[in-house]
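Geometric and topological summary
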Amino acid sequence: MAAFRDLPLDRPIAMLNLLRFRERAAYAPDVDATLSRDLSGAEAYAAYGRAAAAPFARAGGRQVWLGTPRLTVIGPADGAWDLAFIAEYPSGEAFLGMLHDPEYRAAVVHRQAAIADSRLIRCDARTPGAAFGADR
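Everything in this summary refers to the structure shown in the same document. (Residues numbered from 1 in each chain as written. Predicted model: local features only at pLDDT ≥ 70, side-chain atom pairs only at ≥ 80, totals over all residues. Heavy atoms only, no water.)

1. Some words on the side chain of D101
Just so we agree on the cut-off: Helix and strand definitions follow DSSP, with helices as H or I runs of at least four residues and strands as E runs of at least two, each counted in order from the N terminus. When accessible area is computed with a 1.4 Å probe and restricted to protein chains, residues below 20% of their type maximum are described as buried, those above 50% as exposed, and intermediate ones as partly exposed. In protein, a polar contact requires one atom able to donate a hydrogen and another able to accept it; more generally it is a pair of N or O atoms within 3.5 Å, and residues adjacent in sequence count only if both atoms are side-chain atoms. Any two residues having at least one pair of non-hydrogen atoms within 4.5 Å are treated as being in contact.
With respect to the secondary-structure elements, D101 resides in the loop between α3 (92-100) and α4 (102-114). Owing to a relative accessible area of 15%, D101 belongs among the buried residues under this scheme. A polar contact is formed between the side chain of D101 and the backbone nitrogen of E103, at a distance of 2.7 Å. What D101 contacts, discounting residues up to four positions off in sequence, is P55 and R58.

This is the structure we're talking about:
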């Protein structure tokens, strides 16, 4: 996160999320037993989504694209993902603020239980140009 803070925090960002779920959710032993139900990783991630929705909205976040990856055309074949999405935030500062929100921090236990592997890639927004691959 230190490298994240070294980037400009005052401009809109997009976060590319690549997720691989555990077959069965794996809640930490110290997590409230009422949360440690017999869930799939996908079900635990859905619980994370429900619990994190309000802090995400308060941060000004919005999910702008969601998809189910089917095939890696270029890249390692073992890099299969269950879910991919892009979330936008009004600023890097807004994203960091969400991470410190107590309600969001409570929701993270579901994400930790759900995820076998993930990538979270910060992107600066750019305006596409008139031609493919060109920008303004």
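2. Brief notes about a nonpolar patch on the surface
Applied cut-off: By definition, no residue in a patch forms a salt bridge, and every one has over 30% relative accessible area; like charges are joined within 9 Å, nonpolar side chains (Val, Leu, Ile, Met, Phe, Trp, Tyr) within 5 Å. For the area figures, the Shrake-Rupley method with a 1.4 Å probe applies, and any residue is considered shielded solely by the protein chains shown. We define a salt bridge as a contact between a side-chain nitrogen of Lys or Arg and a carboxyl oxygen of Asp or Glu at a distance within 4 Å.
A contiguous nonpolar surface patch, about 420 Å² in accessible area, is contributed by L71, V73 and I74. Inspection of the secondary structure assignment puts V73 in the loop between β2 (62-67) and β3 (83-89). Overall, V73 belongs to the exposed group, its relative accessible area being 72%.

Such coordinate-based values are descriptive only and should not be taken to indicate function.
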